[in-house]
Each structure stands twice: as structure tokens, then as C-alpha cells.
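Understanding the architecture of this molecule
Below are the chains, spelled out letter by letter.
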Amino acid sequence: MSATQTIIINITHACNYACAYCYNKSKMPKQMSIDTLSRLILKAFKIDANLLHFIWIGGEPLIIGIEFFKIALELQKKYSKQYNIKYKNSIQTNGSLINHQWVCFFTENNYSVGFSLDGPEQLHNKNRKYHNKKPTYHDSLRGYTLFREFNKQTGILSVIDDSTFPYYTEYALWIKSIKCSSISFNIRFDSLSSLSNTNILNKYKDFLHRLNLECQRLLHKVVIRELTTIKQTDSCSKGILCAYNHCAVDIDGTIYFCCDRFIHSNRTNEVYSLGNINNIEFREIFNNLNFKNLVNKVYCKVENCQSVCKSVSKCLKVCPANLLIDNVSYNQLTIEECPNSIEFNNTLYNKVFNEL
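Here, residues in each chain are numbered from 1, in the same order as that chain's written sequence. Given that this is a predicted model, residues contribute local features only at a pLDDT of at least 70 and side-chain atom pairs are listed and counted only at 80 or more, while totals for whole chains, interfaces and linings are drawn from all residues. Hydrogens and water are ignored here; the side-chain numbers use all heavy atoms of the structure.

To continue, consider helix α2 (residues 66–83). Numbering of helices and strands runs from the N terminus, with a helix taken as a DSSP run of H or I at least four residues long and a strand as a DSSP run of E at least two residues long. In this scheme, a helix's expected span is set at 1.5 Å multiplied by one less than its residue total. Taking 1.5 Å of rise per residue, 18 residues should cover 26 Å, and α2 covers 26 Å from first to last C-alpha, within 8% of that figure. Partly exposed describes any residue whose relative accessible area lies between the buried limit of under 20% and the exposed limit of over 50%, with all areas from a 1.4 Å probe on protein chains only and scaled to the type maximum. Here α2 has its buried residues at I66, F68, F69, A72, L73, L75, Q76, Y79 and S80. Between two residues, a contact is recorded if the distance between any of their heavy atoms is within 4.5 Å. At its buried positions, α2 is contacted by α1 (34–44), β2 (49–57), β3 (86–93) and α3 (100–108). Just downstream of α2 lies N84, where phi reads positive at about 55 degrees.

What follows is the structure in C-alpha cells.
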């Protein structure tokens, strides 16, 4: 039995933003049908798990309307009682469509809500624009601010690249100004080759270090995910085990390996689908030949690292999406440089926490 099974559900490809780095280029229908939603939730509760974690994504998921989520919630309540399995919901939004109705719904039903904001206005608007090229910062910030008035339990996800790193002071001032208590960072998906670039990695470590120091100097307490997880061994970067307790489902019901990055991969020579929830059970995917092949590919990639690495026992493992989609190679790095090694994370940990 899995303690927690995470299902990332892409319910719509529609979005009112046109972000420069968006990897959602699908030509499929724009939203998940109620029939597919109903089958998905029923079959999710047949999984042998103690807790189901539903993560709702898009596109912009709120664009689908609140009635969709009310139907999903009623189905969850019904099957949770029937199968005696607990559940929780998370959602990631750009914030522009947040209003009092959404705030009340999410708060009353214990949703974990994350907001996508890429830092101060000038940084955010560089990549996050409307389809008509108008900036989006103030609309996203308005939604975030409204939500925080009623529910302080929210966080921000920022997409960054190497051009962001010099702005740690501006980031810290911004974090304080909007009363942000939790933030996490994603490297731009079209820049992931930088994960095996020593120069970029050192700049990234320095950015996190200096950002944390600036927040301390400003007497603002904020949780930076990347700093709180570097001493944990069960984080996302743990690696291959996530394939067994994570999956993603696209709007037509197609189930994908691990996470939503495999849904949107533009690599035509790789197949990451594992079947369709409209005609199979979730538990069947682990016996799927493609699932086994993908797991083996990840193992082979890891073994390639191990063949040249003298500190295999100190490896925190790697993200399957980085290995399979972006073909990131870590075996050219030293143990101090590799972002998956304990040495890399200990260096960052000591640099941050010993200098406070």
C-alpha cells in the first residue's frame, strides 16, 4: 500500500495568459469532460493508498469554472466514505480569475492554493503576458492579495532562469512587500540543460543563499522550499520512486508517467503515455510495458552516473523528467557540483544556515 498517491490532473489547456516559457502547446479539446472526471475520481479511490492527493492544473484551471470543482468535490466525498480513503486537493493558479466566490470555495474545502508570480513587476512581466501582449502582474497580484486576506495558508511558485539571479535583493524586498510566507522556484523548462552547467548551478546556489540572507536582514520570515528540503530524503528530487506514487492525467483521460511535464513533452521520439483512465484502472499502469521500459531507462541513466561517480552512496537520485525529457547529464560533474549529491546540498545548507 502506498501511503500517498499523487494524481496531477490537467483539466484544461485553455489559459488567459501567454507566458513565453509555456510548454502547453496542445491542440486537443480545451477541457476535461464530466464523464472523464467521474471515472478518474472513482478509479482513484480504488488505488491501494491511505491518502489521495489531487493536484489540479492547466492551462489556467480556474478558467473551467467553479461548477466543475463542485462536482469533483462531491464525487470525492462520496467515494472517500465508500472506500475509507482520505483525500486532499491542491491547485496552481495565475491568480487573475480569483474572486470572493473562489476564495470561499477553496477555504471552506481546505484546498491548498499556489499562485504563479515570477517576482517583482519588471521580472514577472518579462515572460508572463496576456495574449494581446499586455502585462499580467497586477492582475496576478490582486488575486493573491485577495486570497491572503481570507486565507494565509498559500504560497508562490516563481519560474526563474539565470537572468533572475542578480536580483536577489529585489526579490527579497518584493517577498516582504506582498507578505509572502512561502515561496518555491522552478528553473525554466527550456533552460534545464543548465542543470548540468557548473556556472549556472553555482549562480543558483548563490541566489538562494543571498535571497535568504536578504530576507533575514529585512526581518521577514519566509519558507523557501529549496532550502527546507535540502536535508530531506523524501523530496521530489528523491528520484525514481516518484514513478510509483505519482502520475499525471490529461484532459482526455490519458495517463502519463510521473508528472505533467511528460504530458507536454515535445519529444516525438519518446512515448510517455500509459493508457487511458476511461478504459483502464490506475493500478494497471504499473504492469504496463511502457511503464516498465521508462523505469528501466531511468535506471540506465542513473547507472551511467554511477559508473563514473565515486560517491554513489551519497546521491539523492534525480528527477526522471530531467533525465528522460531534457536528457540532462550529471556524470560530467564533480560530487561537489552535482545538484543531486549530498555534498552539493550540504554546501548550500552550510552556506545558508551557518552565515545567518
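So that's the structure; there's more coming.
This paragraph deals with the pairing of strand β5 (residues 154–160). In terms of burial, β5 is largely enclosed, as seven of its seven residues are buried. Taking every second residue as pointing to the same face, both faces of β5 are buried, with T154, I156, S158 and I160 on one and G155, L157 and V159 on the other. Here, strands pair whenever DSSP counts at least two bridges between them. The pairing of strand β4 (residues 112–116) with β5 spans four bridges and is parallel. Its bridge partner being in β5, F115 is matched across the sheet by I156.

A word on the pattern of salt bridges. Any Lys or Arg side-chain nitrogen found within 4 Å of a carboxyl oxygen on Asp or Glu counts as a salt bridge. Evaluated as defined, the whole model comprises six salt bridges. Across the salt bridge formed by K70 and E67, the nearest N and O atoms sit 3.6 Å from each other. In this pair, K70 and E67 both sit in helix α2, three residues apart, roughly one turn of the helix. In this structure E67 comes out as partly exposed when scored by relative accessible area, which is 49%.

Moving on to helix α6 (residues 168–177). All of the buried residues in α6 are Y171, A172, W174 and I175. All buried residues of α6 fall inside an arc of 165 degrees around its axis, so they share one side. Phi for K179, located one or two positions after α6, is positive at around 60 degrees. The arc in question is traced by the directions running from the helix axis to the C-beta atoms.

This part covers the packing of α1 against α2. Every axis corresponds to a line fitted to the C-alpha atoms, with the helix fit spanning only the stretch in contact, and the corresponding angles, defined between N-to-C directions, vary from 0 to 180 degrees. α2 packs onto α1 with a crossing angle of 25 degrees between their chain directions and a minimal axis gap of 9 Å. In terms of axis orientation, α1 runs roughly parallel to α2. As for the relative orientation of α1 and α2, their crossing is right-handed in sense. Contacts between α1 and α2 involve I34, L37, S38, I41 and L42 on the former and, on the latter, F68, I71, A72, L75, Q76, Y79 and Y83. Note on residue classes: Ala, Val, Leu, Ile, Met, Phe, Trp, Tyr, Cys and Pro are nonpolar, Asp, Glu, Lys and Arg are charged, and everything else, Gly too, is polar. Here the contact of α1 with α2 is composed, by residue class, of 10 nonpolar, two polar and no charged. In these notes the angle categories are as follows: under 35 degrees is roughly parallel, over 145 is roughly antiparallel, 65 to 115 is roughly perpendicular, and the rest is oblique. Rotating anticlockwise by less than a right angle from the far helix to the near helix defines a left-handed crossing, while the corresponding clockwise rotation defines a right-handed one.

Now for the packing of α2 against α3. Closest axis-to-axis distance for the α2/α3 pair is 11 Å, and the angle between their directions is 15 degrees. On the basis of the axis angle, α2 is roughly parallel to α3. For the pair α2 and α3, the crossing hand works out as left-handed. Seen from α2, the contacting residues are I66, F69, K70 and L73; seen from α3, they are Q101, W102 and F105.

Along the chain, G275 turns up in strand β10 (residues 273–276). Setting aside its immediate chain neighbours within four residues, G275 contacts G253, T254, I255 and I280.

To continue, consider the confidence of the model for the protein chain. Interpretation of the predicted coordinates at a detailed level should be avoided for regions scoring low in pLDDT. Confidence per residue, as judged by the predictor, is encoded in pLDDT with a range of 0 to 100. Taken residue by residue, the protein chain gives an average pLDDT of 84. The fraction at 70 or more is 77%. Predicted confidence for residues 233–240 stays below pLDDT 50, and this span has 17 contacts to residues more than four positions away or in other chains.

With that settled, consider unusual backbone geometry. Trans is the common state for peptide bonds, and a negative phi is the common state for residues other than glycine. Backbone geometry places L219, a non-glycine residue, at a positive phi of 60 degrees. Mapping L219 onto the fold places it in the loop between α7 (198–217) and β7 (223–224). Of the residues examined, L219 reaches a relative accessible area of 78% and is grouped as exposed. Positive phi values are uncommon outside glycine, yet C258 reaches one of about 65 degrees. Within the fold, C258 resides in the loop between β9 (254–257) and β10. Residue C258 is classed as buried on the basis of its relative accessible area, which comes to 4%.

Moving on, we get to the packing of aromatic side chains. Geometry of aromatic contacts follows a simple scheme: Phe, Tyr and Trp rings, the Trp one being its six-membered ring, pair when their centres are within 6.5 Å, and the pair is stacked under 30 degrees between planes, edge-to-face over 60, tilted otherwise. Considering all chains together, one arrives at 29 aromatic pairs under this definition. For the pair F69 and F106, a centre-to-centre distance of 6.5 Å together with 80 degrees between the ring planes defines the contact as edge-to-face. One end of the pair, F69, is in helix α2; the other, F106, is in helix α3, and 37 residues separate them in sequence. Across the pair, F106 and F69 agree in class, each one buried.

A few words now on the side chain of S90. Counting through the fold element by element, S90 comes out in strand β3. Residue contacts for S90: discarding those within four places in its chain leaves H53, F54, I55, W56 and S112.

So, about the side chain of N127. Mapped onto the secondary structure, N127 falls in helix α4 (residues 121–127). According to the relative accessible area criterion, N127 is buried, its value standing at 12%. Sequence-distant contacts of N127, that is, excluding residues within four places in its chain, are made with A18, C19, A20, Y21 and R188.

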